[in-house]
Each structure stands twice: as structure tokens, then as C-alpha cells.
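So you can see what is in the structure, the chains are spelled out below.
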Amino acid sequence: GNATSDPYCIALIGAQVLQTSTVTRNNNPVWPEHESHDFLFYCMRQQFRIEVYDEDLLTADDFLGRTTKLTIREVLEQCDTVDGKHFTGWFYLDLDGVDGGSAMEGRSRI
């Protein structure tokens, strides 16, 4: 069969860290809307990053990719406003160091 992953994301902004649930056996995961999270930021220069991992039960989780470090200003400039205070946008994942990374593409929607 086709190789699949059990992906989850870790979002980091300043000292805040959020880990999503794991989506099992899926190479194109979508997380439930109720898992959305508001981040509080203090400065437009704060760094934001999303990291994606493949959950493994018997070995260390595999790194799948990450967004480049972006400032909050850069994130907001690349996002669409949903309701005046919530934003959404797509960000490409850096797959350097991932097996097959040069042949793969990844994006994360925040």
C-alpha cells in the first residue's frame, strides 16, 4: 500500500507552544475546527513557526517539515482577515533534511 504518516503540528510563538492532535494514516491532514487556537502576541517582531512531525509509537517521531521563522508582522501580511481579528493563510514547509524532501511539497494553513 501507499506509505502514510500520522502527522501532528507544533505551533510556536514566543514562549507559547501548542501541539495539535494526531491525524492517523493521512498524508493530507485536516484538523478539526474546534482545535483552532488563539495566540497572544506582544510585539510584531515576535517569531512564529509551525513544525510537523509523524507520530511513531515505538521510535522517535519523524520530523516532516517546518515553516521558516516568520515574524508576526510577516504572518499577518501574508494572511487574509476572517472577521477583523482572526487571520488565515497558507505557508510552505521547509523540507530540508527530510527523506525525499526535494521531491515533496508541504504547506500548512494557519
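Check the entry above for the structure.
Residues numbered from 1 in each chain as written. Predicted model: local features only at pLDDT ≥ 70, side-chain atom pairs only at ≥ 80, totals over all residues. Heavy atoms only, no water.

Colleague: So what exactly am I meant to see when it comes to the pairing of strand β3 (residues 47-54) here?
Modeller: In regular strands, side chains alternate between the two faces of the sheet. Burial analysis of β3 places seven of its eight residues in the buried class, the great majority of the element. As judged from the seven bridges shared by strand β1 (residues 7-13) and β3, these two strands associate in the antiparallel manner. If you follow L12 over to β3, its bridge partner there is R49. Pairing analysis gives two bridges linking β3 to strand β5 (residues 70-71), with the strands arranged antiparallel. Note that in β5 the partner of F48 across the bridge is L70. Bridge count for β3 against strand β4 (residues 62-66) is four bridges, and the pairing is antiparallel. Residue pairing in the sheet places Y53 in a bridge with F63 of β4. (Buried < 20%, exposed > 50% of the residue type's maximum accessible area, 1.4 Å probe, protein only. Helix = DSSP H or I, 4+ residues; strand = E, 2+ residues; numbered from the N terminus. Pairing = 2+ DSSP bridges.)

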